[in-house]
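Structural features, examined
Spelled out, the chains give:
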Amino acid sequence: MSTHRWLGTTGGALGCAFLLATSGQAQVGIYGIGELAGAGENYSEVRAAILTSDGSIVAVGGANGQSWDTTANGGGGTSLDTAVLWSKGSGAGVLQALPAVVDPTIANVGRVVTAGDVTESSTGTISIAARSYYGDSHANAKEQVLYTYSIAGGTATYGATTALTPNVNATGQNAANAISRDGLVVYGFAQTAAGNVSTRWTSGTGLVSLGLSGTDVSNIPSGRGVSSDGSLMVGTTTLSDTTTTRAFIYNSGTSTYTSLGVLAGGTNSQALAISADGSKVFGTSESAAHPNGEAFFWTSGGGFTALGTPNDAWVPNILGGMTADGSAAIVDFDNGTTPNSYLFNSHGMFALESVLSSGGVDLTGWSNLQAQGISPDGRLIYGSGDFGGITEGFVAEVPAGLASAIPEPSADAMLGGLVSLGLVMRLRRRKA
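Below is a short write-up of the structure. (Residues numbered from 1 in each chain as written. Predicted model: local features only at pLDDT ≥ 70, side-chain atom pairs only at ≥ 80, totals over all residues. Heavy atoms only, no water.)

**A look at the sheet that holds strand β3 (residues 44–51)**
Taken in spatial order, the 4 strands of this open sheet run β3-β4-β5-β6, and their pairing is antiparallel. Because the sheet does not close on itself, it has two edges, and the strands there are β3 and β6 (94–97). Adjacent strand axes in the sheet meet at a mean angle of 25 degrees, parallel and antiparallel pairs treated alike. (Pairing = 2+ DSSP bridges. Helix = DSSP H or I, 4+ residues; strand = E, 2+ residues; numbered from the N terminus. Axes fitted to C-alpha atoms, helices over the stretch in contact; angles between N-to-C directions.)

Listed below in C-alpha cells is the structure:
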C-alpha cells in the first residue's frame, strides 16, 4: 500500500513573505514516498530526485515489498528488492515499481532493484539508471538498465527499457548508478574476478570497462559523481592492500584516472559528487585533525579545502551530493545508532533538520532523517527517515537559494526578532 503525505508550513504572514521573497513560491514541505504493496512493507529510500521543467518532482530509489525476494523481506530488514519511481505534481505523489527486464538471451525475468540516478534528459523526458537481477539470488546480477519515462504534471508514464550491453562480466554484478544530465552517458560498475571495475555506456560505444588504475583492486563511481556532459566521473578506488581507499577523478577524453589523494595526515578518502562543469569535487577524507574523517571540497587549481566534521567520533557515510554549481553539499555521519546529516557551504556546516526548518519545512512526525543527496538546483534534499514506525523515503522541498545561503535569517528567526523588538518597545512605553 502506498501512503503519501505533505507536511509544510506558512510560518505566519512573515513566513509567507520570507518564502515568497527567497523562492518565488511559498510551497515547501517534506514528502514521504510510501511503500510498495506486498511482503515486508517496512522500508523505502530515495537515492536521487529532481525538479523537472514543468515543476514536477521525480524521485527514484528502492523499496522492500515485492514477494519475489523473500531473503530481503523475511527478516524485516532493510534490504532493497525493487527499484521505484515516485513522482508528484500539485497533488499527492504516486509510487510505482520500475518494470522488470527480460534478457533476450536468458529465459528469465530480470527483477530491477535500486534505481541510482535520474535526470530530465530532454524537456518532459526523464531517464533513470538502475540495475536488474535474474531469479531470486542477488549473486545472479546481470544488467545495467536505462529507463525512459515521460513526465507531465507529476504523472510519470513508462516509455522504454534499454539493457546496457554487452555485460562486462556475464556472471557477476553489472550495476548502473550515475547518469549525465543529458541522459547520454551512464556510469556504473561490474563485479569481476579482480574486483569491482568502473564502466561507461553510450549508445555508440555500448558498455565498456574503464579498467583499474595501476595496482588498484577496485573502483566504483559515485552516485552523484558525473559532470553534466558525462566527460568526467568521480568515485572511490581501493588500493592493492585491499583496505586503503582514495578519491579519484576519471577523464573520458584521455581515459585516465587521477587520484585526489587525502587531507594532511589522512589515510583514506572518497569522492561523493562533482559539479556540473567538473571543476569542483565534494568528498570525505581522514586527516590528522579528524582521524575518523571530515568533509572536503577539491578543485584542480586549488586542491583540498578541509570542511571539518560535526563530531570527531562520527564516521562519514559513502552517499552524499552537491549542487550543480558546487555552492552546497550534503553528507551523513554515522555515530553507530542514528543518522546525522549535515549540509556544507561557504558559511560552514549545518544540521539537516535546522536547514529544513529554516526553509519553512514542518518536520512533525519525522525523525532520524538520513540524507543521500541534494538536487542539482538545491531545491530538493532526499534520503530516508522514520515516520509512523517505519523507515520511509523522503523528498524535502526548500526555497531556491536556501542551501547556499544558510545561515541567512529564516522566517522564524525574523519573526522572533520582531517579537523581541515589540517587547522592547512595550517596555520602553511603560517606562515612559
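Read on, since the account is not over.
**Re the sheet that holds strand β24 (residues 315–322)**
One open sheet accounts for 4 strands, arranged β24-β25-β26-β27; its pairing is antiparallel. Looking along the sheet, the strands with just one partner apiece sit at the ends: β24 and β27 (348–351). Sheet twist, expressed as the average angle between the axes of neighbouring strands with direction ignored, equals 30 degrees. Examined bridge by bridge, strand β26 (residues 339–345) and β27 share 4 bridges and lie antiparallel to one another. In the strand pairing of β27, Phe-344 is matched with Met-349.

**Considerations on the layout of surface pockets**
Where empty space is left can be seen by rolling a probe of water-molecule size over the atoms. Its volume calculated, the second largest pocket comes out at about 240 Å³. Surrounding the second largest pocket, 23 residues form its lining, Arg-181, Arg-224, Val-226, Met-322 and Pro-376 being those nearest its centre. Taken together, the elements giving at least two residues each to the lining of the second largest pocket come down to β3, β8 (109–122), β16 (218–226) and β20 (269–274). The biggest single contributor to the lining of the second largest pocket is β16, with 4 residues. Considered class by class, the residues forming the lining of the second largest pocket number 13 nonpolar, 7 polar and 3 charged. (1 Å grid on protein atoms, 1.4 Å probe; cavity = no way out; pocket = protein on both sides within 12 Å on 5 of 7 lines; lining within 4 Å. Points joined across faces, edges and corners; volume = space filled by probe spheres on them. Nonpolar A, V, L, I, M, F, W, Y, C, P; charged D, E, K, R; others polar.)

**A few points about the pattern of salt bridges**
Evaluation of the coordinates by the stated rule reveals 4 salt bridges. The salt bridge involving Asp-117 is made with Arg-224; its shortest N-O contact spans 3.1 Å. Pair noted here: Asp-117 is in strand β8 and Arg-224 is in strand β16, with a separation of 107 residues, a long-range link. A salt bridge links Arg-379 to Glu-397; its shortest N-O distance comes to 3.4 Å. Here Arg-379 is found in the loop between β28 (366–374) and β29 (380–387), whereas its partner Glu-397 is found in strand β30 (residues 390–397), with 18 residues between them in sequence. In this pair, the class of Arg-379 matches that of Glu-397, namely buried. The network of salt bridges with shared partners includes Asp-117, Arg-181 and Arg-224. (Salt bridge = Lys/Arg side-chain N within 4 Å of Asp/Glu carboxyl O. Buried < 20%, exposed > 50% of the residue type's maximum accessible area, 1.4 Å probe, protein only.)

**Remarks on the side chain of Ser-275**
By secondary structure assignment, the location of Ser-275 is in the loop between β20 and β21 (280–285). Of note is the side chain of Ser-275, whose polar atom sits 2.9 Å from the side chain of Asp-277. Here Ser-275 is in contact with Ser-227, Lys-280, Met-322, Thr-323, Ala-324 and Gly-326, once residues within four sequence places are set aside. (Polar contact = N/O pair within 3.5 Å; in protein donor to acceptor, adjacent residues only side chain to side chain. Contact = heavy atoms within 4.5 Å.)

**Here we look at the pairing of strand β5 (residues 82–88)**
For β5, a buried count of 7 out of 7 residues is recorded, marking the element as mostly surrounded by other parts of the structure. Across the two faces of β5 the burial is the same, with Thr-82, Val-84, Trp-86 and Lys-88 and Ala-83, Leu-85 and Ser-87 all buried. Across 7 bridges, strand β4 (residues 57–63) lies against β5 in antiparallel orientation. When the sheet's bridge partners are listed, Gly-62 is paired in β5 with Ala-83. Note that β5 and β6 share 4 bridges and pair antiparallel. The residue of β6 that forms the bridge with Val-84 is Ala-97.

**Focus on the environment of Tyr-257**
Tracing the chain through its elements places Tyr-257 in strand β19 (residues 256–261). For Tyr-257, a relative accessible area of 17% translates into the label buried. Taking the C-alpha atoms as reference, Tyr-257 lies 9.7 Å from Gly-211; in sequence the two are 46 residues apart. Tyr-257 has contacts with Ser-198, Leu-210, Gly-211, Leu-212, Ser-213, Asn-219, Phe-248, Ile-249 and Tyr-250, leaving out every residue within four places of it along the chain. Within the local environment of Tyr-257, its side chain forms a polar contact with the backbone oxygen of Gly-211, the two atoms lying 3.0 Å apart.

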